[in-house]
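# Working through the structure, step by step
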Amino acid sequence: MQCAILKYFPGVYVTYGFTNRTPQMKLTRGAYKWLLAQVSKLANIRVTNEEIAFLKKQCPYFSNTYLDFLTTFKLNPPEQLEIKYTPVDDTGSDDDVGDVEYIVKGLWLETILYEIPLLALTSEAYFMFSDRDWDYSGQEDKAYRKGLTLLKNACVFSEFGSRRRRNYHTQDLVMAGLCRAAKEAKNKGFRGVFTGTSNVHFAMKYEVNPVGTVAHEWYMTIAAITDDYQNANELALQYWLGCFGEGVLGIALTDTFGTPAFLDAFRKQIAAPVNNSEAPHTPKTYAQVYNGVRQDSGDPAQFVKLVRDFYNREGVKDQKAVVFSDSLNIQLCLEYKVIAEEAGFQPVFGVGTFFTNDFTNKVTGEKSKPLNIVIKISTANGRPAVKLSDNVGKNTGDKEKIKAVKKQLGYVEQQWEQGDETNRWSKQ
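It should be emphasised that the depicted structure is a prediction, and the values quoted were computed from it without experimental measurement.

### Topic: the overall build of the protein chain
- Broken down by element type, the protein chain carries 18 helices and 15 strands.
- Computed over its C-alpha atoms, the radius of gyration of the protein chain comes to 21 Å, within 12% of the 22 Å expected for a compact globule of 428 residues.
- Looking at the 428 residues of the protein chain, the share that counts as buried comes to 55%.
- Restricting to contacts in the protein chain with at least 6 residues of sequence separation, those with at least 24 account for 77%.
- Accessible area of the protein chain: about 19000 Å², with a carbon and sulfur share of 49%.

So this is what it looks like as structure tokens:
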């Protein structure tokens, strides 16, 4: 996505905000101090020549201009990041507990990469200083068994767990287990496929594909800077094609302003290439050209029916993919696989927290509950950025702007019984 920003929106100034949907999460002052030290180290990160070579080989859709940009890219936490800590009862002790808040600000191009490390470090801090009664025992084998089950059941899936992982070592163990499962599954002739990971570092380490899809903030930011919510979905689809071309990174995210509003744009004929793009113009619709869609909120069964009816009305005969990425586990993957295949789709799964933060309290035997924390874009060029989603619990942004956009788009509130954002991943 940063590649598309460099091409079309290099001068957009944004802010990001942190949201904690986990009632139990309080960081100790000691955790906060550790977090500050780790965040300061982000300024030292550089992309190596070896990593650039890997990207050239594995991600041919990245332009040379973008890869050249990465060779000099660096984060600047002192100027781009504010961290506030508010203790509940301030005694000055490192054992005091309180709330942490992040504000990221700067050019979109230069700040977009903060989200993953900030969330990963916050999770690591919490499980290092607050919820400590766990260990790594069996983590690689657990990931291996999960992966093998999915592969045996012909699931196509990737690892999406960087943001809410317990820590780096856990994700490393998980990747080792999944790769072991993939090797065994291949030898046994299982039809499932482990497609790779959204963590490019681990993709390089384990020699698998770096995979992912477009993020909500692509749609959110374009809507904010244009203040045109009626056409924001179409503009986002159009710019994306203009950057990467047809058939490349072709999974569209549907729920930024509600899936019905997205489908109104998805059925339109592709507009002329934007900003003198070299991508050839085509008389096809976005629905025809994109390889499929991603489901990230609301009721998956209802979503599949809605999208199936849409493709049928539009006369789209090609088999399309539906990528499921909302709080998945094995049971849900197998359930959604049946629903999608019965509707004529190719189901694909992006599994995150269930892989990289699945631990048990050693004393009680209960689930060691992962954090439900997110960082979302708050403003773009001074205007508020909002997300409506297909489940009211995942709506984010300025309340007045949300109200206005809902009215403008005719958005209908959706409440999914299983979509309780305060209690995700709490069950065994």
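More follows now that the structure is in view.
### Here's the deal with the nonpolar core
- Within the largest apolar cluster, 126 residues are counted, with the highest numbers of intra-cluster contacts made by F9, W108, W218, Y219 and F266.
- Sort the elements by how many residues they give to this core and helix 12 (residues 232–244) lands first, with eight residues.
- Residue-level mapping places this core at the junction of two domains, with at least three residues from each of domain 1 (1–133) and domain 2 (139–206).
- Grouped together as the second largest cluster of nonpolar side chains are five residues, V156, I251, A321 and V323 included.

### A few points about the sheet that holds strand 6 (residues 193–197)
- Ordered by their spatial adjacency, seven strands build an open sheet running 7-6-5-11-10-9-8, and the pairing between neighbours is parallel. Looking at the sheet topology across the chains shown, the edges are occupied by strand 7 (209–210) and strand 8 (251–253).
- Across four bridges, the pairing between strand 5 (residues 156–159) and strand 6 is parallel. Bridge pairing in strand 6 links V156 to V193.
- Sheet contacts for helix 15 (residues 300–314): strand 9 (292–295) and strand 10 (321–324); angle to strand 9, the most-contacted strand, approximately 160°.

### Some thoughts on the pattern of salt bridges
- In the structure shown here, the tally under the stated rule is 23 salt bridges.
- Residues E234 and K268 are paired through a salt bridge, measuring 3.3 Å at the closest nitrogen-oxygen approach. Taken together, the residues span a long stretch of sequence, with E234 in helix 12 and K268 in the loop between helix 13 (259–266) and helix 14 (286–289) at a distance of 34 residues.
- Look at E234 and you get buried, because its relative accessible area is 15%.
- Among the residues examined, K268 registers a relative accessible area of 32% and is labelled partly exposed.
- The residue D296 makes a salt bridge to K394 at a minimum N-O spacing of 3.6 Å. Taken together, the positions of D296 in the loop between strand 9 and helix 15 and K394 in the loop between strand 15 (383–384) and helix 18 (399–409) put the pair 98 residues apart, joining distant regions of the chain.

### Some details on the UniProt feature "domain: Nicotinate phosphoribosyltransferase N-terminal" (unreviewed entry) in the protein chain
- According to UniProt, the "domain: Nicotinate phosphoribosyltransferase N-terminal" (unreviewed entry) feature falls on residues 1–123.
- As annotated, residues 1–123 comprises 46% helix and 23% strand, and the C-alpha atoms at either end are separated by 24 Å.

### Examining helix 4 (residues 64–72)
- Regarding helix 4, the residues found buried are Y66, L67, F69 and L70. Looking straight down helix 4, one finds that the buried residues subtend no more than 155° of arc, so they occupy a single side. Summarising the geometry of helix 4, the exposed residues directed more than 90 degrees from the buried face are N64, T65, D68 and T72.
- Each element contacted by the buried residues of helix 4 is listed here: helix 1 (2–8), helix 3 (49–58) and helix 6 (108–111).

### What to know about the pairing of strand 5
- Of the two faces of strand 5, the one lined by V156 and S158 and the one lined by F157 and E159 are each fully buried.
- The handedness of the strand 5 to strand 6 crossover, carried by helix 9 (residues 168–188), is right-handed.
- One ladder, built from three bridges, connects strand 5 with strand 11 (residues 346–351); its direction is parallel. Bridging from a neighbouring strand, E159 pairs with V351 of strand 11.

### A few points about the packing of helix 13 against helix 15
- Interhelical geometry of helix 13 versus helix 15 gives an angle of 20° and a closest axis separation of 12 Å. In terms of orientation, helix 13 lies roughly parallel with respect to helix 15. Crossing geometry of helix 13 relative to helix 15 is assigned as right-handed. The residues of helix 15 that touch helix 13, namely those facing T259, L263 and F266, are F303, L306, F310 and Y311.
- For the contact of helix 13 with helix 15, the residue count by class is six nonpolar, one polar and no charged.

### Overview of the domain arrangement of the protein chain
- Taken domain by domain, the protein chain comprises domain 1 (1–133) and domain 2 (139–206).
- Taken together, the 11 residues of domain 1 in the interface contact nine residues of domain 2.
- Applying the counting criterion to the domain 1 and domain 2 interface returns one salt bridge.
- The residue E115 makes a salt bridge to R163 at a minimum N-O spacing of 3.2 Å.
- Viewed at the interface, domain 2 and domain 1 are joined by three residue pairs in polar contact (both at pLDDT 80 or more).
- Those elements that place two or more of their residues in the side of domain 1 that touches domain 2 are helix 3 and helix 7 (115–129).

### A short note on unusual backbone geometry
- For N381, which is not glycine, the phi dihedral falls at a positive 50°.
- The backbone phi angle of S389 is positive, close to 70°, even though this residue is not glycine.
- The topology assignment puts S389 in the loop between strand 15 and helix 18.

### Regarding helix 12
- For helix 12, with 13 residues, the first-to-last C-alpha span of 18 Å sits near the 18 Å given by 1.5 Å per residue.
- Extensive coverage of helix 12 is indicated by the burial of 12 of its 13 residues.
- Those residues of helix 12 not exposed but buried are A232, N233, E234, A236, L237, Q238, Y239, W240, L241, G242, C243 and F244.
- At its buried positions, helix 12 is contacted by helix 1, helix 11 (216–226), strand 8, helix 13 and helix 14.
- Of the residues one or two after helix 12, G245 is the one with positive phi, at around 90°.

Rules used throughout
Residues numbered from 1 in each chain as written. Predicted model: local features only at pLDDT ≥ 70, side-chain atom pairs only at ≥ 80, totals over all residues. Heavy atoms only, no water. Helix = DSSP H or I, 4+ residues; strand = E, 2+ residues; numbered from the N terminus. Rg over C-alpha atoms; globule rule 2.2 N^0.38 Å. Buried < 20%, exposed > 50% of the residue type's maximum accessible area, 1.4 Å probe, protein only. Contact = heavy atoms within 4.5 Å. Areas by Shrake-Rupley, 256 points an atom, 1.4 Å probe, with all protein chains shown as cover. Core = buried A, V, L, I, M, F, W, Y, C linked by side-chain atoms within 4.5 Å. Domains from an automatic or database assignment. Pairing = 2+ DSSP bridges. Axes fitted to C-alpha atoms, helices over the stretch in contact; angles between N-to-C directions. Salt bridge = Lys/Arg side-chain N within 4 Å of Asp/Glu carboxyl O. UniProt positions renumbered as here; feature names shortened; annotations may be inferred. Arc of directions from axis to C-beta. Right-handed = clockwise from strand over helix to strand, strands pointing away. Parallel < 35°, antiparallel > 145°, perpendicular 65-115°, else oblique. Left-handed = near helix turned anticlockwise from the far one by under 90°. Nonpolar A, V, L, I, M, F, W, Y, C, P; charged D, E, K, R; others polar. Polar contact = N/O pair within 3.5 Å; in protein donor to acceptor, adjacent residues only side chain to side chain. Expected span 1.5 Å × (residues − 1).

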